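# Reading the structure
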Amino acid sequence: MIHNFNAGPSILPKEVFEEAAKAILNFRDTGLSILEIGHRTPLFQSVMDETIALAKELMKLDNDHEVLFLHGGATTQFFQVPMNLLNENQTAAYLDCGVWGSKAIKEARLFGNVDVVASSKDKNYTYIPKEYKIPPDATFFHYTTNNTIEGTEMFSIPETNIPLVADMSSDILSHEMDFNRFALIYAGAQKNIGAAGVNMVVLRKDILGKVNRKLPGMMDYRQHIEAGSMLNTPPVFAIYVCLLTLRWLKARGGVAAIETINKAKADLLYKTLDEKAGFEPTVAKEDRSRMNVVFLIKDAELEKKFLAACKEQQMVGVKGHRSVGGFRVSLYNALPLESVQALATLINQL
């Protein structure tokens, strides 16, 4: 058995692979592949409709929110969000808690003013700032809910009356939360909700149409809403994989059920790391991510033994991000508890 701890593209449920593989050869007994059907046919329209409906159901979204499936990944949203929401003479508030947040800040400054209300850069992003004030006159407040590279996660929604915007790429649908409190959510699919190549955007319609600039059609959320995520040819296969993954999540009991499993996985691994000499989690305990567990092994010999043991037991994806080094174990929705138990056993045996 291969234990896949990759940070993204990452593990998907076996059932999803099996159904997706069938669809590549023969989609719904049509004799056609999912890769070659027309995106404006009733056949694919049913895929899009069900995928959007499942996302709304699992997130318990109200009627004011729309769900889009777009090209470009979360990185495109770093500039598409301020392009649609921020005028040049306005200010948006941002929280800087990691590499992706800092990249979003850089892009936002191309379109208006940015107030960085707090940053954890002073300690290499190993904690989430707690005491900060969100300006009540800011156009919106942007933050990253889970920092994939640094291994920190925010477990509560900031209190503010201004529109909330969140990058949820690495913890979307991993635990229950009130998604209706957000004006805009974006998430690359390749960690918890599908395959690389599509980005899910959830937005409240009343925040749109307020900027003075002219928007290219492909960058205008309103046009994507009007076209039902088919302003151009959508990433058909990636959206189909999202559908299968969301079906899998619903069948498992939904977000509440997967949260229980995710908590058990994270609790077991952090307990193992805390108790094992030589293994050092880098993140403040109260901010430890349930999705991405980051740690160091400072003893070179122990590090070699750990890597050799992981290779021998087919545990892949444990190396840390190139920018921070160390190790990172990702525990996304599709990763079974058995994989974490196997890793914990390996660590204890070293």
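Preceding block: the structure.
Criteria and thresholds
- Residues numbered from 1 in each chain as written.
- Predicted model: local features only at pLDDT ≥ 70, side-chain atom pairs only at ≥ 80, totals over all residues.
- Heavy atoms only, no water.
- Axes fitted to C-alpha atoms, helices over the stretch in contact; angles between N-to-C directions.
- Helix = DSSP H or I, 4+ residues; strand = E, 2+ residues; numbered from the N terminus.
- Parallel < 35°, antiparallel > 145°, perpendicular 65-115°, else oblique.
- Left-handed = near helix turned anticlockwise from the far one by under 90°.
- Contact = heavy atoms within 4.5 Å.
- Phe/Tyr/Trp six-rings, centres within 6.5 Å; stacked < 30°, edge-to-face > 60°.
- Buried < 20%, exposed > 50% of the residue type's maximum accessible area, 1.4 Å probe, protein only.
- Lys NZ or Arg CZ within 6 Å of the ring centre and 35° of its normal.
- Patch = residues over 30% accessible without salt bridge, like charges linked within 9 Å, V, L, I, M, F, W, Y side chains within 5 Å.
- Areas by Shrake-Rupley, 256 points an atom, 1.4 Å probe, with all protein chains shown as cover.
- Salt bridge = Lys/Arg side-chain N within 4 Å of Asp/Glu carboxyl O.
- Pairing = 2+ DSSP bridges.

Direction vectors running N to C along helix α8 (residues 300-312) and helix α9 (residues 337-349) enclose 140°, while the axes themselves pass 10 Å from each other. Judged by the inter-axis angle, α8 sits oblique to α9. Viewed along their axes, α8 and α9 form a crossing whose handedness is right-handed. In contact with F306, A309 and C310 of α8, α9 contributes L343, L346 and I347.

Applying the stated criterion across every chain, the model contains eleven aromatic pairs. When the ring of F279 is compared with that of F295, the centres are 5.9 Å apart and the planes differ by 40°; the resulting orientation is tilted. Placement of the pair is F279 in strand β11 (residues 279-281) and F295 in strand β12 (residues 292-297), with a sequence separation of 16 residues. Here F279 matches F295 in class, with each residue buried. On the basis of an interplanar angle of 85° and a centroid distance of 5.5 Å, the ring pair of F279 and F306 is categorised as edge-to-face. On the criterion of sequence distance, the pair formed by F279 in strand β11 and F306 in helix α8 is long-range, its members being 27 residues apart. The class of F279 is buried, set by a relative accessible area of 4%. In textbook terms, an aromatic cluster arises when at least three aromatic residues are bridged by ring pairs, as seen for Y132, F141, Y143 and F182. Of note, K123 hangs over the ring of Y127, and the distance from its end group to the ring centre comes to 5.8 Å.

With that out of the way, let us pick up a nonpolar patch on the surface. Taken together, the side chains of I24, L25 and L35 make up a nonpolar region of the molecular surface, amounting to roughly 320 Å² of accessible area. Looking at where I24 falls in the secondary structure, it is placed in helix α1 (residues 14-25).

A word on the sheet that holds strand β9 (residues 184-188). Remark on secondary structure: sheet strands pair via backbone hydrogen bonds, oriented parallel or antiparallel. Pairing is mixed in the open sheet, where seven strands are placed in the order β2-β10-β9-β8-β5-β3-β4. The outermost strands of the open sheet, each flanked by one partner alone, are β2 (65-70) and β4 (113-119). Across the sheet, the mean angle separating the axes of adjacent strands is 15° when strand polarity is ignored. Sheet topology note: the β2/strand β10 (residues 199-204) ladder contains six bridges and is antiparallel. Paired with V67 across the two strands is V202, which belongs to β10. Packed onto the sheet, helix α2 (residues 42-59) meets β2, β9 and β10 and runs at close to 130° relative to β2.

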